[in-house]
Amino acid sequence: MIVLAVYGTRVMIDSRPAPETREVARPVPVVATLTAHSANLTLKIMSEGTVAPHAELDLVPEVSGRVVELSPALVDGGFFEAGDVLLRLDARDYELALAQARAAVAQANLALEMERQEALVAIDEWELLGEGRPAPLVLREPQIAQAEATLASAEAAHRLAEVNLERTVMRAPFAGRVRQEQVEAGQFISRGAPIARIYAIDYAEVELPIQDSELAYLDLPYRFRASAYATPSSGPRVVLRAEFGGRAYSWNGIIVRTTGEIDPATRMIHAIARVENPYGTSSGSSRPPLAVGMFVEAEIQGNRSGKVFALPRSVLRDAGEVLIVDSQSRLRIRQVDIFRQEPDRVLIRSGIQEGDQIIVSPLENAVSGMKVRLQPADDDAGLPESPGP
């Protein structure tokens, strides 16, 4: 019985049908690509800073007096133009002083003329009665010198009286705006006491810190005394951006100079950007002025890059590699020479060729030589475009 059972089991095992075998098809990943094109690009250097006036000063009277007229512009935030009358003081005391100075000049002129005439009489009398050379005192030379000095002093006092009278009217030294004022009509103000703080608005400046590693991409006048820009319009262009009222705005400016030293704490060089007429009406009436104190982000136009490939930063792998698709639809890993990395793109000097298909979609476990399938053209919507120059 045992032998028959073993024999029957063996026959059943040997007579069973062989299992069907099939090759498991591996899914081919679908990838999105862009075509690599080289170009000579203008580099972008990013920075940020705060808008500041290029000139700011205290408005200080040079004479004392009571305020009899105050300009409507002399208030916090008020605008004024160069030469506008900001304040007038009671000028009666200074008008009287000017009249007295004129009288003193007339008296000094009369005294000098009398001394000169007496000197002529003395010379005639000496020629008739005297002998030898007359003494200077006889010719009234010391008296004439004293009269001339008295006249010069009177004329100086007259000029001072005229200047003091002019100083009773305070005019704006430039087109500007009032930051703070502390004077009222009828108030007596003393000479040398500040009454307001004003700043210029013909153009604004922004101090932009630049890292040492970025200096190679900019033409900044920081090397020699004679290397400053010949004109304010010859420096690198800069675009300032800021948000105001929930909307983004931009202003165009120019780098005009650098500060006098390297920041010892950050080891950065600070470039000064100038924006002309920051409070003027722009082409778009909705754009606000570039106000003092506004925080802005800056994009400075640097030097030309030479022939490079500009790609989105997402194509770059950690080891400085990019993935491409060859003509047989197989993935290839390329080591690239990175010229520069910017916030939104990477510039590659070598390692890829013109027309290469660069993979821009995320791909895990990428192996060189693996088969891939390009994403159909209908599905290209939403893919990042290759940055232009």
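Residues numbered from 1 in each chain as written. Predicted model: local features only at pLDDT ≥ 70, side-chain atom pairs only at ≥ 80, totals over all residues. Heavy atoms only, no water.

(A) Structural detail: the packing of aromatic side chains. Taken as a whole and assessed by the stated rule, the structure comprises two aromatic pairs. With centroids separated by 5.4 Å and ring planes inclined at 65°, the aromatic side chains of F79 and Y279 adopt a geometry described as edge-to-face. With a gap of 200 residues between them, F79 in strand β6 (residues 79-80) and Y279 in the loop between β15 (269-276) and β16 (295-312) connect regions that are remote in the sequence. Look at F79 and you get partly exposed, because its relative accessible area is 40%. Centre to centre, the rings of Y217 and F339 are 5.9 Å apart; their planes meet at 70°, and the pair counts as edge-to-face. In this pair, Y217 sits in the loop between β12 (203-210) and β13 (237-244) while F339 sits in strand β19 (residues 337-341), placing the two residues 122 residues apart along the sequence. Of the two residues, Y217 and F339, both sit in the buried class. (Phe/Tyr/Trp six-rings, centres within 6.5 Å; stacked < 30°, edge-to-face > 60°. Helix = DSSP H or I, 4+ residues; strand = E, 2+ residues; numbered from the N terminus. Buried < 20%, exposed > 50% of the residue type's maximum accessible area, 1.4 Å probe, protein only.)

(B) Region of interest: the pattern of salt bridges. Taken as a whole and assessed by the stated rule, the structure comprises 21 salt bridges. Residues D344 and K44 are paired through a salt bridge, measuring 3.6 Å at the closest nitrogen-oxygen approach. In this pair, D344 is assigned in the loop between β19 and β20 (345-350) and K44 in strand β3 (residues 38-53), connecting sequence segments 300 residues apart. Given a relative accessible area of 49%, D344 falls into the partly exposed group. One network of salt bridges, in which partners are shared, links E56, D58, R179 and R197. (Salt bridge = Lys/Arg side-chain N within 4 Å of Asp/Glu carboxyl O.)

(C) Main features of the sheet that holds strand β7 (residues 85-89). Spatially, the four strands line up as an open sheet ordered β8-β7-β5-β10, and their pairing is antiparallel. Two strands lie at the open edges of the sheet, namely β8 (169-171) and β10 (188-189), each paired on one side alone. Sheet analysis places strand β5 (residues 65-70) next to β10, joined by two bridges and oriented antiparallel. In the strand pairing of β10, G65 is matched with I189. (Pairing = 2+ DSSP bridges.)

(D) Local environment of the layout of surface pockets. Reported here for the largest pocket is a volume of approximately 170 Å³. Where the lining of the largest pocket is concerned, the elements lending two or more residues are β3, β12 and β19. Sorting elements by how many residues they give to the lining of the largest pocket places β3 first, with five residues. (1 Å grid on protein atoms, 1.4 Å probe; cavity = no way out; pocket = protein on both sides within 12 Å on 5 of 7 lines; lining within 4 Å. Points joined across faces, edges and corners; volume = space filled by probe spheres on them.)

(E) Summary view of the sheet that holds strand β18 (residues 331-335). One open sheet accounts for four strands, arranged β2-β21-β17-β18; its pairing is antiparallel. Either end of the sheet is taken by a strand with one partner, and the two such strands are β2 (33-35) and β18. Neighbour-to-neighbour, the strand axes of the sheet open up by a mean angle of 40°, direction not taken into account. In this sheet, strand β21 (residues 357-359) lies alongside β2 in antiparallel orientation, the contact comprising three bridges. For T33, the partnering residue across the bridge sits in β21 and is I359. (Axes fitted to C-alpha atoms, helices over the stretch in contact; angles between N-to-C directions.)

(F) Summary view of a nonpolar patch on the surface. A contiguous nonpolar patch, built from M1, I2, L4 and V6 and spanning about 540 Å² of accessible area, is present on the exposed surface. Along the chain, the position of V6 falls in helix α1 (residues 2-15). (Patch = residues over 30% accessible without salt bridge, like charges linked within 9 Å, V, L, I, M, F, W, Y side chains within 5 Å. Areas by Shrake-Rupley, 256 points an atom, 1.4 Å probe, with all protein chains shown as cover.)

(G) Highlighting helix α2 (residues 92-129). In a regular helix each residue adds 1.5 Å, so 38 residues correspond to 56 Å; α2 covers 56 Å between its end C-alpha atoms and thus fits that length. Those residues of α2 not exposed but buried are Y94, L98, A101, V105, A108, L112, E115, A119 and A122. (Expected span 1.5 Å × (residues − 1).)

(H) Representation of the side chain of E321. Mapped onto the elements of the fold, E321 is located in strand β17 (residues 321-325). Overall, E321 belongs to the buried group, its relative accessible area being 19%. Contacts of E321, omitting those with residues within four sequence positions, involve V315, L316, I333, R334 and Q335. (Contact = heavy atoms within 4.5 Å.)

(I) Quick peek at the environment of E166. As for its placement among the helices and strands, E166 is situated in helix α3 (residues 141-166). The exposed category is assigned to E166, whose relative accessible area is 58%. Taking the C-alpha atoms as reference points, E166 and R88, 78 residues apart in sequence, are found 9.9 Å from one another.

(J) Representation of the pairing of β17 in the model. Of all five residues making up β17, five are buried, and the element is well covered by its neighbours. Where β17 meets β18, five bridges bridge the pair, whose relative direction is antiparallel. Residue L323 lies in a different strand from β18, and its bridge partner there is I333. As consecutive antiparallel partners, β17 and β18 are separated by five residues, and within that stretch S329 has a phi angle of approximately 60°, a positive value.

(K) Broad picture of the environment of R267. By secondary structure assignment, the location of R267 is in the loop between β14 (247-258) and β15. Once you skip the residues sitting within four places of it in the chain, R267 turns out to touch D212 and I262.

(L) Expanded view of the confidence of the model for the protein. Mean pLDDT over the protein stands at 84; residues scoring 70 or higher make up 88%. Below pLDDT 50 for its whole length, residues 226-230 participates in 11 contacts with residues either more than four positions away or in separate chains. Predicted confidence for residues 377-389 stays below pLDDT 50, and this span has 17 contacts to residues more than four positions away or in other chains. (pLDDT = per-residue confidence, 0-100.)

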